[in-house]
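What follows is the residue order along each chain.
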Amino acid sequence: MAGYGSGGPSGPYALVAEFDSPETLMDACEAAKEEGYKIMDAYTPFPVHGLSDAIGFVDKKVPWTVFLCGISGTFLGYSMEWYTSVIDYPLNVGGRPLNALPAFIPVAYESTILLASFGAFFGMLIYNRLPQPYHSIFNTPQFQRASQDRFFLAIEARDPKYDRNSTRTFLEAQKPLNVSEVEI
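Everything numeric here is computed off the predicted structure, so don't read it as measured data.

## Considering the environment of T112
For step 1, the next point in the chain: Take T112: it is sitting in helix α4 (residues 101-127).
For step 2, the next point in the chain: Residue T112 is classed as buried on the basis of its relative accessible area, which comes to 19%.
For step 3, the next point in the chain: Sequence separation of T112 and G77 is 35 residues, and the distance between their C-alpha atoms is 7.6 Å.
For step 4, the next point in the chain: Setting aside its immediate chain neighbours within four residues, T112 contacts G70, G73 and T74.

Pasting the structure below:
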């Protein structure tokens, strides 16, 4: 459903509750998880220990990407050295074997670290869909304080349990400073 003249989708993005302390935010997040909400996010001015568990955040994509890129780096580094020393330019020095594993370890190790770090950096950017200069959450009243002294919990409209009235009632029961409906 596109809004008149906007050229894009319109409608609710989320209901956002604003809190004044990390403890009240944590309590609200745990209550939302117990209530059955699954698609939610929290915004804080500093890291809050245990918050990712409280909102049920599980990410296994970046670690697997780093692992696979690291294994690829090991294979590519070793293969490059093996091809150079055995096939392309074999050089017999003092009767040593052409495929000398101990001599190949430093380059294979360094290429593992290099590709794993690239996997971590680019994987994080891709999986987080960055850079993202605009996001609907920025329309939340007082959201600029999320980088100063306020804590926000957003329950997104695409959550299967989301209902405008019942979700608002649930959030208001958590005693926030205010609850705002944010449009796309």
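## Notes on the packing of helix α3 (residues 61-88) against α4
For any two helices packed against each other, one specifies the crossing angle of their axes together with the interaxial distance.
For step 1, the next point in the chain: Viewed as axis vectors pointing N to C, α3 and α4 meet at an angle of 145°, and their least axial separation amounts to 6 Å. For the crossing formed where α3 meets α4, the hand is right-handed.

## Thoughts on the layout of surface pockets
For step 1, the next point in the chain: The calculated volume of the largest pocket comes to roughly 1000 Å³.
For step 2, the next point in the chain: Along the walls of the largest pocket sit 26 residues, with D41, F57, N128, R129 and E156 positioned nearest its centre.
For step 3, the next point in the chain: Of all the secondary structure elements, the ones that give two or more residues to the lining of the largest pocket are β2 (40-43), α2 (51-54) and α3.
For step 4, the next point in the chain: Among the elements that make up the lining of the largest pocket, the one with the highest residue count is β2 (four residues).
For step 5, the next point in the chain: Considering only residue class, the lining of the largest pocket consists of 13 nonpolar, six polar and seven charged.

## A look at the pattern of salt bridges
For step 1, the next point in the chain: Tallied over the entire structure, the rule returns six salt bridges.
For step 2, the next point in the chain: Linking D149 and R145 is a salt bridge whose minimum nitrogen-to-oxygen distance equals 2.6 Å.
For step 3, the next point in the chain: In this structure R145 comes out as partly exposed when scored by relative accessible area, which is 22%.
For step 4, the next point in the chain: R150 is paired through a salt bridge with D149; the nearest N and O atoms lie 3.9 Å apart.
For step 5, the next point in the chain: Residue D149 is classed as partly exposed on the basis of its relative accessible area, which comes to 31%.

## Here we look at the packing of aromatic side chains
For step 1, the next point in the chain: Scanning all chains against the criterion turns up nine aromatic pairs.
For step 2, the next point in the chain: Consider the rings of Y37 and F170, whose centres lie 5.4 Å apart with planes at 40°: the pair is tilted. With a gap of 133 residues between them, Y37 in the loop between α1 (22-35) and β2 and F170 in helix α5 (residues 164-173) connect regions that are remote in the sequence. Summarising the burial analysis for this pair, Y37 and F170 share the class buried.
For step 3, the next point in the chain: Measuring from centroid to centroid gives 5.3 Å for F143 and F152, while their planes differ by 55°, and the two rings are tilted.
For step 4, the next point in the chain: By relative accessible area, F152 is classed as buried at 1%.
For step 5, the next point in the chain: Joined through ring pairs, the aromatic side chains of Y43, F138, F143 and F152 make up one cluster.
For step 6, the next point in the chain: Its end group placed over the ring of Y37, K161 keeps NZ or CZ at 5.8 Å from the ring centre.

Rules of the game
Residues numbered from 1 in each chain as written. Predicted model: local features only at pLDDT ≥ 70, side-chain atom pairs only at ≥ 80, totals over all residues. Heavy atoms only, no water. Helix = DSSP H or I, 4+ residues; strand = E, 2+ residues; numbered from the N terminus. Buried < 20%, exposed > 50% of the residue type's maximum accessible area, 1.4 Å probe, protein only. Contact = heavy atoms within 4.5 Å. Axes fitted to C-alpha atoms, helices over the stretch in contact; angles between N-to-C directions. Left-handed = near helix turned anticlockwise from the far one by under 90°. 1 Å grid on protein atoms, 1.4 Å probe; cavity = no way out; pocket = protein on both sides within 12 Å on 5 of 7 lines; lining within 4 Å. Points joined across faces, edges and corners; volume = space filled by probe spheres on them. Nonpolar A, V, L, I, M, F, W, Y, C, P; charged D, E, K, R; others polar. Salt bridge = Lys/Arg side-chain N within 4 Å of Asp/Glu carboxyl O. Phe/Tyr/Trp six-rings, centres within 6.5 Å; stacked < 30°, edge-to-face > 60°. Lys NZ or Arg CZ within 6 Å of the ring centre and 35° of its normal.

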